[in-house]
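# An overview of the molecular structure
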Amino acid sequence: MSATVFGIATGDTQLEGWLLAARYTARVAAVFFLLVFVVGPIWRGFKAGWIAPFMRNRRYWGLGFALAHIIHLGALTTFFIVSPEDPSLITILGGGLAYVLIVALAATSNNWSQRTLGQWWHRLHMVGMVYIWIIFAQSYAGRLEDPERIWTGIVGSSLFAAAMLLRIGVRLTARMRSQR
């Protein structure tokens, strides 16, 4: 919520304020998402003691991500309401599916859903997280073409690429260990 207020307060115009609010809320959500995305693989791959508190509270970090991203949706929607600009159809469809998945992940982030859905719970959460990763990665990669936002693109793209490489690396290492 404070990212929204900060964005609105620092914009020179109402339009710029809502644009900044949408950007800042997306960045807050990205941090929460990356934490949830990498904490499991770090725990499984390295059993690092410092990660245990994050692993224990992973569900709540995920729910925090969902809340932050819903707030982002509100800021982005408000930006498009006050802007002469319209979102593209691909943005509406691709982003819309991401929000459907975010709501589904949040709604099933409880013990009852995990027990009831069994393997389907794991599949839903894996597909949802990978799809959301794709949306974030594509979004940050798109900033690499904009000279004014290239550093955001470099940092964001690097973080999301490193997160996926970590997940893949831990999975490959586990497979190699099991084949010995």
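Below is a summary of the structure that appears in this document.

Rules behind the numbers
Each residue is numbered by its place in its chain's sequence as written, counting from 1. Given that the model is predicted, a residue must reach a pLDDT of at least 70 before its local features are reported, and side-chain atom pairs must reach 80 or more before they are shown or counted; all residues, however, enter totals for whole chains, interfaces and linings. Heavy atoms throughout the structure, all of them, feed into the side-chain values; hydrogens and water do not. Throughout, the protein atoms alone are placed on a 1 Å grid, and a set of points is a cavity if a 1.4 Å probe fits but cannot get out or a pocket if it is open with protein on both sides within 12 Å along at least five of seven lines; lining residues have an atom within 4 Å of a point. Grid points are joined across faces, edges and corners, and a volume is the space filled by probe spheres set on the points. Per the convention used, a helix needs a DSSP run of H or I reaching at least four residues, while a strand needs a run of E reaching at least two, with both numbered from the N terminus. Only Asp, Glu, Lys and Arg are considered charged in this grouping, and only Ala, Val, Leu, Ile, Met, Phe, Trp, Tyr, Cys and Pro are considered nonpolar; every other residue, Gly among them, is considered polar.

Looking at the largest pocket, its volume works out to about 1100 Å³. Every residue lining the largest pocket is counted, 33 residues in all, and those nearest its centre are His-72, Leu-76, Thr-91, Ser-139 and Arg-143. Put simply, the parts of the chain that give the lining of the largest pocket at least two residues each are helix H2 (14-46), helix H4 (58-82), helix H5 (89-107) and helix H7 (119-142). A total of nine residues in the lining of the largest pocket trace back to one element, the largest contributor, which is H5. Taken together, the residues that form the lining of the largest pocket break down as 17 nonpolar, ten polar and six charged. For the second largest pocket, the calculated volume is near 500 Å³. Lining the second largest pocket are 25 residues; nearest its centre among them are Val-36, Arg-58, Trp-121, His-125 and Met-129. Elements supplying a minimum of two residues to the lining of the second largest pocket: H2, helix H3 (52-56), H4, H5, H7 and helix H8 (150-178). At seven residues, the largest contribution of residues to the lining of the second largest pocket is made by H4. Residue composition of the lining of the second largest pocket, by class: 14 nonpolar, five polar and six charged.

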